[in-house]
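# A closer look at the structure
Here are the chains, one letter per residue:
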Amino acid sequence: MNKRLASALLCAALLGSGILRADNIVISNRKSSILITAPKGESPRIQYFGPRLVNPGDVFDSGSAFNDPVYPQFGVQCSRETAIQATHNDGNMSLELVVESVTRENRDGGQVTAIATRDKFYPFYVTIYYKTYPDCEVIETWTEIRHLEKKPVTLYRFASAFLPVRRGDNWLSHFHGPWGAEAYLYEEALRDGMRVIKDKDGVRNTQNSCPSFMLTLDGRPDEQHGMVIGGTLAWSGNYRIAIDNDNAHTTRIFAGINEDQSQYILEPKEVFTTPVFAFTFSDEGKGGVSRNFHRWARLHRLNHGGEQRSILLNSWEGVSMNVNQEVMDQMMADFAAMGGEMFVMDDGWFGDKYPRNNGTSSLGDWVVCKEKLPEGIEGLTASAREKGLKFGIWIEPEMTNSKSELFEKHPEWVIQQPHREMHKGRGGTQLVLDLSNPEVQEFVFGVVDKLMTAHPEIAYIKWDANMTLFNYGSTYLPRDKQSHLYIAYHRGLENILKRIHAKYPGLVMQACASGGGRINYGLLPYYDEFWTSDNTDALQRIFIQWGVSNFFPAVAMASHVSVDTNYQTGRKTPLKLRFDVAMSGRMGMELQPAHMTDEDKAFARRAIADYKLIRPVVQQGDLYRLISPFDKTGYASLMYVSPEKDHAAYFVYKLEQYHNMPRPAFRMAGLDPQKRYLVRELSLDGKPIPQDGKTFTGAFLMETGLDFEVGGEYASHVLELKAAE
Ligand code: GLA
């Protein structure tokens, strides 16, 4: 049995593409494997997920096979949680899926294995896909559901993925937080019962909780050691990740769209495709999971993932909605003099009948406000060009206000329900447009298309979305498909983004949603970055960025220097800390430079020049998180290392200040132990550390580390390491 099985598995693994004849399917990348048994006419079963299998037969001989359905369905064996539940038109609520075929093909830079199943009785089909890449460790999975029954079938459950994990001392790391405190890290040992991570905002799915998690396979979570799996749902709408522990042997993970209030009426021949669930395995702790996701993002999932980002000044915290040509000119001139590369005009530039002066009006009226900007957008792009800057602009195209020309013309375009007064958002007037409606999709696409056609010099768009989907109901969707709105909204959004992406492939876009409300991989194929949080307080950003960095690379993480009595927390921190925190992500500024002293401007000029030195390694290097702010040692540190290990950037921040508080060792990671590195301090506002200009081996830096004083409260250091020739 063993020999036969092994050769069947080998045969399956060797087949590059085409129909897989073997019953046993191994899906592997460099470090991990999935093993599935899929005999024709029988239920496909997932047997294993974990470290790469050398001899898949070991799974069976060792007794560790899961033998769980690949896509658990409600029906015959109906006592467990399920990935899919469909009610046929005759009232039968069950499914019994068996294998029709298993195929493998190369598609878009990866290899896709497709397990096609069919119900034993009904012409109801589910294909389960797994995609691996030769150049990264992430596996994508999703499903396609369709049927040829005579009448519609109602889907009540439709997970993207099911993943079993051997139950043991499993710890969950997940990320929660409201507006201004997004993505805080929480870690807990998994207990009996079901742990659900979910969102129901309808528009901004990461404002309270993130559709991403890590799970250790063997004990407490650690940054550098241990076996950890990580998963993230690539979807911008409501989600539900359920981790079910009702069994002594297996922990079962279900991830997908949140089906609450979203039952889907599937017409004959219609294909329902679930969003991608991306997951990865690491034997280098949580840090390994993060690096796997970052690499996947940069290579396959993030718009312009491999490209360097511009250093920008955004006008929002500097002048709020008080934009005009003169102030924009002055901000651009000051920023250009500091070495900046792009200027982004935020909210306040639009509205004809109702000029946008506060949050109560004008969304939807995307024409320039001539009172504020008599020379129009041309005046701004010309000014930017003259100063050697690129130009970007803010829009919030999915929204309107009841005080707007758009709403006056098209009240039916707004999400609403009959017989009820509308619950409005920001300014007491904000409303969400119904993106399920193709006419509305056309309008939203047109917002960008008109701007870009008239002003091809626009290099960057900050796309905001500041409201929850209230007043659930659509004038477009038919009566019996009102429950499609949460899903149709996001499919509509994706349609629009796909069109923009196809027509303006060079355009850089930022996903903002009241700050970090849209940090998800569903949107990142169309956006280059996200606004990490409206909270720009450098101290709190250390925590927020730490959380976000678990899944998203620094190149996508917008991080801006703002003023020293922070608007959100009221905290005063040194300009150096504000720069040093911003430098660990996609650095920018968000203040009125006219309010800076000459000394501050001179420091900013030096820090911007220094950021340019480490930008390639911060934005494209491997992240090593070293001292966690959540560990409450009073310090935090992290570093980025180039893939060749010849260049690195190290950051350390002081979070608290007590007399004689112990100092942790500043050990590094990810370096080449054999190489010698020259250490240089950057972003200097005083004397450099004593080790500045000296050379150390990678081994010493990683095992012993450097020992230097980190000044008082909110002090920080940025070090550049270069391998000596
Ligand atoms: C939201 C965003 C901010 C800013 C304002 C403008 O709050 O998160 O960054 O763009 O809208 O109104």
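Below: a short report on this structure. (Residues numbered from 1 in each chain as written. Predicted model: local features only at pLDDT ≥ 70, side-chain atom pairs only at ≥ 80, totals over all residues. Heavy atoms only, no water.)

This part covers the layout of surface pockets. By volume, the largest pocket is sized at about 670 Å³. Lining the largest pocket are 25 residues, with V276, R301, E494, K498 and Y526 sitting closest to its centre. It is helix 9 (residues 485-503) that provides the largest number of residues to the lining of the largest pocket, a total of six residues. Here the lining of the largest pocket is composed, by residue class, of ten nonpolar, seven polar and eight charged. (1 Å grid on protein atoms, 1.4 Å probe; cavity = no way out; pocket = protein on both sides within 12 Å on 5 of 7 lines; lining within 4 Å. Points joined across faces, edges and corners; volume = space filled by probe spheres on them. Helix = DSSP H or I, 4+ residues; strand = E, 2+ residues; numbered from the N terminus. Nonpolar A, V, L, I, M, F, W, Y, C, P; charged D, E, K, R; others polar.)

For the rest of this paragraph, the subject is the pattern of salt bridges. Tallied over the full model, the rule gives 35 salt bridges. Across the salt bridge formed by E223 and K286, the nearest N and O atoms sit 4.0 Å from each other. Linking E223 in the loop between strand 16 (209-216) and strand 17 (228-234) with K286 in helix 3 (residues 285-301), this pair joins segments that are 63 residues apart in sequence. In terms of burial, E223 and K286 fall into one category: buried. The partner of R586 in a salt bridge is E529, with the nearest N and O atoms 2.7 Å apart. Remark: E529 occurs in strand 30 (residues 529-531) and R586 occurs in strand 32 (residues 586-589); sequence separation between them is 57 residues. (Salt bridge = Lys/Arg side-chain N within 4 Å of Asp/Glu carboxyl O. Buried < 20%, exposed > 50% of the residue type's maximum accessible area, 1.4 Å probe, protein only.)

Bringing unusual backbone geometry into the picture now. The backbone phi angle of D108 is positive, close to 45°, even though this residue is not glycine. Among the residues examined, D108 registers a relative accessible area of 64% and is labelled exposed. Phi at Y714 takes a positive value of approximately 65°, unusual for a residue other than glycine. By the secondary structure assignment, Y714 is in the loop between helix 13 (698-703) and strand 38 (716-723).

Around the ligand lies a shell of 13 residues, among which D346, D347, R426, K462 and D534 are the nearest. At 3.0 Å from an oxygen atom of the ligand is found a main-chain nitrogen or oxygen belonging to G515. Interatomic distance of 2.6 Å between a side-chain N/O atom of D534 and an oxygen atom of the ligand. Here the ligand loses 95% of its free accessible area of 310 Å² to cover by the protein chains. Here the residues of the shell around the ligand are counted per class, giving four nonpolar, three polar and six charged. (Near = heavy atom within 4 Å. Polar contact = N/O pair within 3.5 Å; in protein donor to acceptor, adjacent residues only side chain to side chain. Areas by Shrake-Rupley, 256 points an atom, 1.4 Å probe, with all protein chains shown as cover.)

We now examine the environment of D580. Its place among the elements puts D580 in helix 11 (residues 575-582). Sequence spacing of D580 and R420 is 160 residues, and the spatial spacing of their C-alpha atoms is 50 Å. If near-sequence neighbours (up to four positions away) are discounted, D580 is found in contact with F651, Y653, S683, S716, H717 and V718. (Contact = heavy atoms within 4.5 Å.)

The subject of this paragraph is the sheet that holds strand 33 (residues 622-627). One open sheet holds the six strands; their spatial order is 33-34-35-38-36-37, and the pairing between them is antiparallel. In this open sheet, the two strands that pair with only one neighbour each are strand 33 and strand 37 (695-697). For this sheet the average axis-to-axis angle between neighbouring strands, irrespective of direction, equals 25°. Here strand 35 (residues 647-654) runs beside strand 38; their pairing, made up of seven bridges, is antiparallel. (Pairing = 2+ DSSP bridges. Axes fitted to C-alpha atoms, helices over the stretch in contact; angles between N-to-C directions.)

Attention now moves to the packing of helix 8 (residues 438-454) against helix 9. In contact at an axis separation of 9 Å, helix 8 and helix 9 are set at 30° when each is read in the N-to-C sense. Classified by the angle their axes make, helix 8 and helix 9 are roughly parallel. Between helix 8 and helix 9 lies a crossing whose hand is right-handed. Side by side, helix 8 and helix 9 meet where Q441, E442, V444, F445, V448 and D449 of the first sit next to G492, N495, I496, R499, I500 and K503 of the second. (Parallel < 35°, antiparallel > 145°, perpendicular 65-115°, else oblique. Left-handed = near helix turned anticlockwise from the far one by under 90°.)

For helix 6 (residues 376-386), the full list of buried residues reads G376, I377, G379, L380, T381, S383 and A384. The inward-facing, buried residues of helix 6 abut helix 5 (325-337), strand 24 (342-345), strand 25 (390-395), helix 8 and strand 28 (458-463). Note on helix 6: the residue one or two positions beyond its end, G388, has a positive phi of about 75°.

Another point: the side chain of N401. Looking at the element boundaries, N401 is found in strand 26 (residues 399-401). Here the side chain of N401 touches L363 through a polar contact of 2.9 Å, landing on its backbone nitrogen. With residues near it in sequence (within four places) discarded, N401 still touches R356, G359, T360, S361, S362, L363, F407, R426, T429 and Q430.

Moving on, we get to the pairing of strand 28. Remember that side chains alternate between the two faces of the sheet whenever the strand is regular. Most of strand 28 sits out of view: six of its six residues are buried. For strand 25 and strand 28, the ladder comprises five bridges, and the chain directions are parallel. Looking at the pairing, I393 lines up with I461 of strand 28. Where strand 28 lies against strand 29 (residues 508-511), four bridges are found, and the strand directions are parallel. By the bridge assignment, K462 is partnered in strand 29 with Q510. For the crossover that starts at strand 28, traverses helix 9 and ends in the parallel strand 29, the hand is right-handed. (Right-handed = clockwise from strand over helix to strand, strands pointing away.)

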